[in-house]
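Breakdown of the fold
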Amino acid sequence: MTGKITSPDGRAWSLPQLLSYRVEWSDGRACDAIELEFPVTADDAAALSTVTRVWAYEEGRTVFCGVVDEVTVTLDARGRTANLSGRGLGARLRDNQVRANTYQKATIGDILSLYATPYGIFRTNGAIKNAVSSFAVDSGDTAWQALSGFCRHAAGRVPYFSPDGTLMLGPLETRPSLSVSDEGVISAESRTCWYGVLTEQVTVDRSSGRQTVEQNAEFIKAGGFARRVTARGGELVHAAEKTAAQRVAESAETWKTLSVTLPGVFLAEVGQLADVKLENLGVSGYFRVTDVTSVLDSGGARCTIGLRKENV
């Protein structure tokens with residue numbers, strides 16, 4: 001993998017051969033992240049204090065585009081090395097709070113013009129056709145909360161960033177494009193976690209007393225028992241607010257998960273639907289790729305793919 005860093009005044013540096021790296025891709029629940037270690041000269045060390053953007057490439061493909069969070073230069077028995085860490089472009093939206101705004105009918109164009117473009121997010125993929133009536137962004141919400149909240153209410157999905165910094169708005173694929181089997185697996189972990197998964201969510205309207213009930217029938221059948229009651233008021237649909245159905249669905253994402261580590265790097269894409277057949281773990285079925293972590297260090301090159309159970 002190769003890398004490039006830039007400063008706000010337009011200066012750019014191609015990074016020397018990397019000593020190690022770690023690149024994390026996420027499905028929007030967290031921010032993409034990168035950590036690089038490389039040798040530097042004294043002149044390079046001084047210049048590193050000015051850099052704010054970082055890119056990484058693998059065989060001509062952009063595998064990371066984001067902002068620099070921290071640079072540390074170390075002088076020890078190994079010589080002079082730098083450790084650079086950063087986050088994907090989603091950091092721009094997560095780091096900036098916005099003022100309150102209310103829309104009679106919000107469209108994706110409205111949202112992007114206020115909560116994406118001003119923060120350097122220009123490339124998008126996919127479309128959201130539905131508008132959200134009486135949509136409200138509260139003072140102190142972040143630009144990310146405004147954007148992701150709109151996408152959740154309008155289309156029932158969470159946006160995320162592709163490795164090259166494109167904001168992905170479209171629906172996830174419905175056919176498997178990835179196969180995961182026992183062959184070549186370094187390690188695999190199957191996890192079932194009942195804690196935090198809801199069987200029932202009740203939302204009560206403060207003004208009318210009307211309640212909305214959403215249940216997770218599959219989890220109830222499996223013996224789960226966890227009920228939550230929340231209250232809401234007014235007609236506005238707040239960006240940070242979640243419906244009963246959204247709360248139940250979000251809680252179920254941690255119920256059945258899988259982690260598989262394979263030799264190599266960048267072996268899967270976030271959002272892919274995987275056909276899993278891990279006979280040695282007794283796991284099979286369809287799983288959604290939620291995160292991909294590619295690492296190169298003294299232990300070699302390896303890719304850890306995080307997946308959650310998907311009913312297709």
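Notes on the structure follow. (Residues numbered from 1 in each chain as written. Predicted model: local features only at pLDDT ≥ 70, side-chain atom pairs only at ≥ 80, totals over all residues. Heavy atoms only, no water.)

**Details of the environment of Leu48**
In plain terms, the rule: Numbering of helices and strands runs from the N terminus; a helix is a DSSP stretch of H or I covering at least four residues, while a strand is a stretch of E covering at least two. Residue exposure (1.4 Å probe, protein chains only): buried if accessible area is under 20% of the type maximum, exposed if over 50%, otherwise partly exposed. Should any heavy atoms of two residues lie within 4.5 Å, those residues are considered in contact.
Mapped onto the elements, Leu48 comes out in the loop between α1 (42–47) and β5 (53–58). For Leu48, a relative accessible area of 5% gives the class buried. It is 22 Å that separates the C-alpha atoms of Leu48 and Glu24, two residues lying 24 residues apart in sequence. Beyond its immediate stretch of four places on either side in the chain, Leu48 contacts Ile5, Phe38, Val40, Val71, Val73 and Ala82.

**Some details on the pairing of strand β13 (residues 178–181)**
Condition: At least two bridges found by DSSP between two strands are what make those strands a pair.
Side chains Leu178 and Val180 project from β13 onto a buried face, and the interleaved Ser179 and Ser181 project onto a face without burial. Examined bridge by bridge, β13 and strand β20 (residues 273–278) share four bridges and lie parallel to one another. Directly across from Val180, in β20, lies its bridge partner Val276.

**So, the sheet that holds strand β10 (residues 132–137)**
How we decide: An axis is simply a line fitted to the C-alpha atoms; with a helix, the fit covers only the stretch in contact. Between two such axes, the angle follows the N-to-C directions and lies from 0 to 180 degrees.
In space, the three strands of this open sheet follow the order β8-β10-β18, with mixed pairing throughout. The open sheet has two edge strands, β8 (101–106) and β18 (237–238), and neither has a second partner. Here β10 pairs with β18 via two bridges, running parallel. Paired with Phe135 across the bridge in β18 is Val237. Together, β8 and β10 form the strand contacts of helix α3 (residues 108–115), whose direction differs from that of β8 by roughly 150°. In this fold helix α4 (residues 143–155) packs onto β8, β10 and β18, with an angle of close to 155° to the strand it touches most, β10.

**Examining the sheet that holds strand β9 (residues 124–125)**
By way of backbone hydrogen bonds, the strands of a sheet pair with one another, either parallel or antiparallel. Taken in spatial order, the three strands make up an open sheet running β9-β12-β11, and their pairing is mixed. In this open sheet, the two strands that pair with only one neighbour each are β9 and β11 (160–161). In this sheet, strand β12 (residues 167–168) lies alongside β9 in parallel orientation, the contact comprising two bridges. Looking across to β12, one finds that Asn125 is bridged to Met168.

**What to know about unusual backbone geometry**
Not every positive phi belongs to a glycine, and Glu59 is a case in point at roughly 50°. The topology assignment puts Glu59 in the loop between β5 and β6 (61–76). What makes Glu59 exposed here is its relative accessible area of 79%. We note that Ser134 has phi near 55°; this positive angle belongs to a residue other than glycine. Residue position: Ser134 is located in strand β10.

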